[in-house]
Amino acid sequence: MGNIIVSLSPHAHGRDTVERNMYGVIVALVPALLVSLAFFGLGSAVVLLTSVASCVFFEWAINRYMLHGQRSTILDGSAVLTGLLLGFNLPSNLPVWMVIVGALIAIGVGKMTFGGLGQNIFNPALVGRCFLLVSFPAQMTSWPVAGQLGSYLDAETGATPLALMKQAIKEGDASLLGQLPSSLDMLAGNAGSLGAGALGEVCALALLLGLAYMLWKKIITWHIPVSIIATVFVLTGLLHLVAPYYPDPLSQILSGGLMLGAIFMATDYVTSPMTTRGQLVYGVAIGALTVVIRYWGSYPEGMSFAILIMNGFTPLINTYMKPQRFGEVPAKQ
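Residues numbered from 1 in each chain as written. Predicted model: local features only at pLDDT ≥ 70, side-chain atom pairs only at ≥ 80, totals over all residues. Heavy atoms only, no water.

Explain helix α14 (residues 276–296) to me, please; I cannot follow it from the model alone.
What sets the pattern is the α-helix's 3.6 residues per turn: residues three or four places apart point alike. Along its 21 residues, α14 runs 30 Å from first to last C-alpha, staying within 8% of the 30 Å computed at 1.5 Å per residue. If you check which residues of α14 are buried, you get G278, Q279, Y282, G283, I286, G287, T290, V291, I293, R294 and Y295. Against the buried residues of α14 lie α8 (161–171), α11 (223–242), α12 (249–254), α13 (258–265) and α15 (303–320). (Helix = DSSP H or I, 4+ residues; strand = E, 2+ residues; numbered from the N terminus. Expected span 1.5 Å × (residues − 1). Buried < 20%, exposed > 50% of the residue type's maximum accessible area, 1.4 Å probe, protein only. Contact = heavy atoms within 4.5 Å.)

Right, dumping it as structure tokens:
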């Protein structure tokens, strides 16, 4: 009889790796990437390439010169994914230097300050996006109209559907909602003469294709995106019944960054709860906060702030909603 070798857990290994999941999310973003290039052309290419290249560079530089090359993470896909998500949260006419500043904040402050991949408390791309929004509000709320493929800094801009809804709520004027595109148009990304919004939020259908891919590949589960969308649908539906100047639920769900945030940002492994119960609580809270900020806050959009707020509550949720422990004998009272 041979020697029995006892090793530390885990004893079972799956196919999941950091690289597999990161590049899986990147693949899921391809439909939204193609749509953004088709809608914004040159502006989309400049902003996205700058964002991705800057995020990769800053992660390499910080690892090389500040962490003394302890470990290289630029090939695991996390920096590329952060760059894509940051770019998807920006307007297509944002100057290059602002994109670079956003990437520096996303990687340098949002990620590497906490120790790098797997240790950050807040979603790095949203940290960069919110920093830019607070620092450069005029440039970050100037939304080009889709279809100007050869324009970049000089693109014609317009109010977004979310801004129009915000105005209707503020003035109590339901007639303003008649200027909104239909739900089918918003699903397909057709905002008409209105500003189309950030690069990654123009076409809800492209984002839903990404969701279907990630669910199929089991990269994420349904709990967070479905709980966010369902909460927004219920709350906005109730408010719409109370007063007609509150937008209908579908308009709220299909406009702005709600789909992008619910599918790709709130589901970040590191900053979201571990258990299914915790994920449901997390998703419901994000949905409720988004509605509150959109309807009664200073900004038309509230998704980014809602996710960052709940990122801060994730450790607390994990503490009180722990997974079941197998093999533990409960103490007798």
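Honestly, empty space enclosed by the protein in this entry has me stumped. Any pointers?
Rolled over the atoms, a probe with the dimensions of a water molecule shows which regions are left empty. For the structure shown, the criterion picks out two cavities of 30 Å³ or more. Residues that form the lining of the largest cavity fall into these classes: four nonpolar, four polar and no charged. Estimated volume of the second largest cavity: approximately 30 Å³. Lining of the second largest cavity is provided by L162, M165, K166, I169, Q252, R294 and P300. Taken together, the residues of the lining of the second largest cavity sort by class into four nonpolar, one polar and two charged. (1 Å grid on protein atoms, 1.4 Å probe; cavity = no way out; pocket = protein on both sides within 12 Å on 5 of 7 lines; lining within 4 Å. Points joined across faces, edges and corners; volume = space filled by probe spheres on them. Nonpolar A, V, L, I, M, F, W, Y, C, P; charged D, E, K, R; others polar.)

Got a minute to help me understand the packing of α11 against α13 in this structure?
When two helices pack together, you describe them by how their axes are tilted relative to each other and by the distance separating the axes. Between α11 and α13, whose axes approach to 8 Å, the crossing angle comes to 155°. By the angle class used here, α11 and α13 are roughly antiparallel. α13 is crossed by α11, and the crossing has right-handed handedness. Taken together, the residues of α13 that come into contact with α11 (itself represented by I224, P225, I228, I229 and V232) are L258, M259, A262 and I263. Grouping the amino acids of the contact of α11 with α13 by side-chain chemistry returns nine nonpolar, no polar and no charged. (Axes fitted to C-alpha atoms, helices over the stretch in contact; angles between N-to-C directions. Parallel < 35°, antiparallel > 145°, perpendicular 65-115°, else oblique. Left-handed = near helix turned anticlockwise from the far one by under 90°.)

Before we go on, may I ask you to explain unusual backbone geometry in this structure?
Glycine aside, negative phi is the norm for most residues, and most peptide bonds take the trans geometry. Within the chain, K218 stands out as a residue other than glycine whose phi angle is a positive 60°. Structurally, the position occupied by K218 is in the loop between α10 (204–216) and α11. On the accessibility criterion, K218 (68% relative accessible area) is exposed.

I keep staring at the pattern of salt bridges and nothing clicks. Help me out?
Side-chain pairs of opposite charge can arise whenever the charged atoms involved come near each other. Applying the stated criterion across every chain yields a total of two salt bridges. The salt bridge involving E301 is made with R294; its shortest N-O contact spans 2.9 Å. For E301, a relative accessible area of 14% puts it in the buried group. (Salt bridge = Lys/Arg side-chain N within 4 Å of Asp/Glu carboxyl O.)

How should the layout of surface pockets be read in this particular structure?
Empty space within the largest pocket amounts to approximately 470 Å³. Contributing to the lining of the largest pocket are 36 residues, with W143, T160, L162, G197 and E201 lying nearest its centre. Estimated volume of the second largest pocket: approximately 360 Å³. Secondary structure elements with two or more residues in the lining of the second largest pocket: α1 (18–28), α4 (78–88) and α6 (124–135). Residues of the lining of the second largest pocket, tallied by class, amount to 13 nonpolar, eight polar and two charged.

Which parts of the structure should I look at to understand α15?
With 18 residues, α15 extends 25 Å between its outermost C-alpha atoms, agreeing within 8% with the 26 Å of an ideal straight helix rising 1.5 Å per residue. Of all the positions in α15, only M303, S304, A306, I307, L308, M310, N311, T314, I317 and N318 are classed as buried. Elements in contact with the buried residues of α15: α6, α11, α13 and α14.

Sorry, what's going on with the environment of S193 here?
The residue S193 is located in the loop between α9 (183–188) and α10 in this model. Residues S193 and I309, spaced 116 residues apart in sequence, show a C-alpha to C-alpha distance of 33 Å.

What should I look at first to understand the environment of M274 in this one?
Within the secondary structure, M274 sits in the loop between α13 and α14. Overall, the relative accessible area of 59% leaves M274 in the exposed class. Between the C-alpha atoms of M274 and P315, which are 41 residues apart in sequence, the distance is 9.6 Å. In this structure M274 touches Q279 and N318, once residues within four positions along its chain are discounted.

Help me out: how do you make sense of the side chain of N89 in this one?
On the secondary structure map, N89 appears in the loop between α4 and α5 (96–109). On the basis of relative accessibility, which here comes to 6%, the residue N89 falls in the buried class. If we skip the residues at most four places from it in the chain, N89 touches L126, R129, M140, A198, L260, M265 and S304.

I would appreciate a short explanation of the packing of aromatic side chains in the present structure.
Pairs of aromatic rings are described using the distance from one ring centre to the other and the angle between the two planes. Tallied over the entire structure, the rule returns eleven aromatic pairs. Measuring from ring centre to ring centre gives 5.7 Å for Y295 and W296, while their planes differ by 70°; the resulting arrangement is edge-to-face. By way of ring pairs, the aromatic residues F57, F58, W60 and Y65 are connected into one cluster. Between the NZ or CZ atom of R64 and the centre of the ring of Y65, over which it lies, the distance is 5.1 Å. (Phe/Tyr/Trp six-rings, centres within 6.5 Å; stacked < 30°, edge-to-face > 60°. Lys NZ or Arg CZ within 6 Å of the ring centre and 35° of its normal.)

What should I look at first to understand a nonpolar patch on the surface in this one?
A contiguous nonpolar patch, built from F233, V234, L235, L238, L241 and L250 and spanning about 570 Å² of accessible area, is present on the exposed surface. The element that contributes the greatest number of residues to the nonpolar patch is α11, accounting for five residues. Assignment of secondary structure puts L238 in helix α11. Residue classification places L238 among the partly exposed residues on the basis of a relative accessible area of 49%. (Patch = residues over 30% accessible without salt bridge, like charges linked within 9 Å, V, L, I, M, F, W, Y side chains within 5 Å. Areas by Shrake-Rupley, 256 points an atom, 1.4 Å probe, with all protein chains shown as cover.)

This is a description of form; function is not addressed.
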